[in-house]
Amino acid sequence: MQFSTENVFIQVKDHSVSGEQFELLLDEELQLLKTHPQPTLEKLPSYYESDDYISHTDGKRSLFEKVYHIIKRKAIRDKVTLITKQQPKKGSLLDIGAGTGDFLSEAKNQGWSITGIEPNEKAKQSAIAKGVNFAANLEALENHSFDVITMWHVLEHVPDLEKQIQELKRLLKPSGTIIIAVPNFISFDAQHYGKFWAAYDVPRHLWHFSKTAIEKLFNKEDIELKKVLPMVFDSFYVSLLSEKYKTGKMNFFAGFWIGLRSNIKAKQNLEFSSHIYVLENAKK
């Protein structure tokens, strides 16, 4: 994907795995950040090789992980409620980046026909044990075969954005719904923590989105942004991790306070730490 401009927005360190430094380049037209340099497809999996990569594990080793999984259970119920509200008749659901499968498992229990995509084998095996069905890859799936396609904090990990969005268009039924959740680099907690903001998560996060970026990128494929919803718990989770990166310790009070301030600010400017985007095919 070619940028219209490539101004360095900020320099950020990989705090989780490698300790390497990366630049974030700003496309001013799209209001989109690009991690630079981006790892090769061969090297990229090595940046996920950490027991601390929480979405690939069901681990509850620490208080932080235990709290994460408590909040995760509520978030999963809310996600299934959201997709059912968009498509009350339910039907076929594709979750790309299914992780350990808890969302799809809950959706299946509530009457959805589920399919997952997950590249991490360890996470995938955990999901299979929960009754989740997987496709080998997106190319193996038929055109216009899903009522809902979800990507919960996954689009930022995809090397080829334009190809990914084209695939979503191909797989979605004409009356279907796409739901994307991504961090928002314009949020208060992002501005407060700067280079320590945990949701930059370079180089695993290859892209960093604003509302403008999501709307313009999907409009290119005649997919309309219908609704933007907040993810209010994300500001607390991200702020706690950011405190760890900034100070070397998990400062629960400071992290909670910044997370709360971020949500209060977002009530006014509608720039939450993370957003859920509800998208549909444009009406002809």
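Everything discussed here concerns the structure shown above.
Remember, it's a predicted structure, so these values are computed and weren't measured experimentally. (Residues numbered from 1 in each chain as written. Predicted model: local features only at pLDDT ≥ 70, side-chain atom pairs only at ≥ 80, totals over all residues. Heavy atoms only, no water.)

Caption draft 1: Geometry of the environment of V132. Looking at the secondary structure, you find V132 in the loop between α3 (121-128) and β6 (146-152). Considering only alpha carbons, one finds V132 and G116, 16 residues apart in sequence, at a separation of 7.1 Å. Apart from residues lying up to four places away in sequence, V132 is in contact with G101, L104, S105, I114 and A127. (Helix = DSSP H or I, 4+ residues; strand = E, 2+ residues; numbered from the N terminus. Contact = heavy atoms within 4.5 Å.)

Caption draft 2: Region of interest: the pattern of salt bridges. Under the counting rule described, the total for this entry stands at nine salt bridges. The partner of K211 in a salt bridge is E271, with the nearest N and O atoms 3.8 Å apart. You can see K211 sitting in helix α6 (residues 211-219) and its partner E271 sitting in the loop between α8 (252-269) and β10 (274-281), a full 60 residues away along the chain. Judged by relative accessible area, which is 21%, K211 ranks as partly exposed. Taken together, the salt bridges that share partners define one network made up of D14, D201 and R204. (Salt bridge = Lys/Arg side-chain N within 4 Å of Asp/Glu carboxyl O. Buried < 20%, exposed > 50% of the residue type's maximum accessible area, 1.4 Å probe, protein only.)

Caption draft 3: Quick peek at the pairing of strand β5 (residues 113-117). Taking burial as the measure, the five residues of β5 include four buried ones, the bulk of the element. Relative to β5, strand β4 (residues 92-96) runs parallel, the two being bridged by five bridges. Looking at the pairing, I96 lines up with I117 of β5. A crossover connection joins β4 to the parallel β5 through helix α2 (residues 102-109); in handedness this β-α-β unit is right-handed. (Pairing = 2+ DSSP bridges. Right-handed = clockwise from strand over helix to strand, strands pointing away.)

Caption draft 4: A look at the nonpolar core. Judged by nonpolar contacts, the single largest core of 35 residues is most densely connected at L94, I96, L155, I180, F209, F218 and L279. Look past the residues within four positions of F218 in its chain and what remains in contact with it is L155, I165, L168, I180, I223 and L279. With 20 residues, the next largest nonpolar core counts F22, Y47, Y193 and Y245 among its residues. (Core = buried A, V, L, I, M, F, W, Y, C linked by side-chain atoms within 4.5 Å.)

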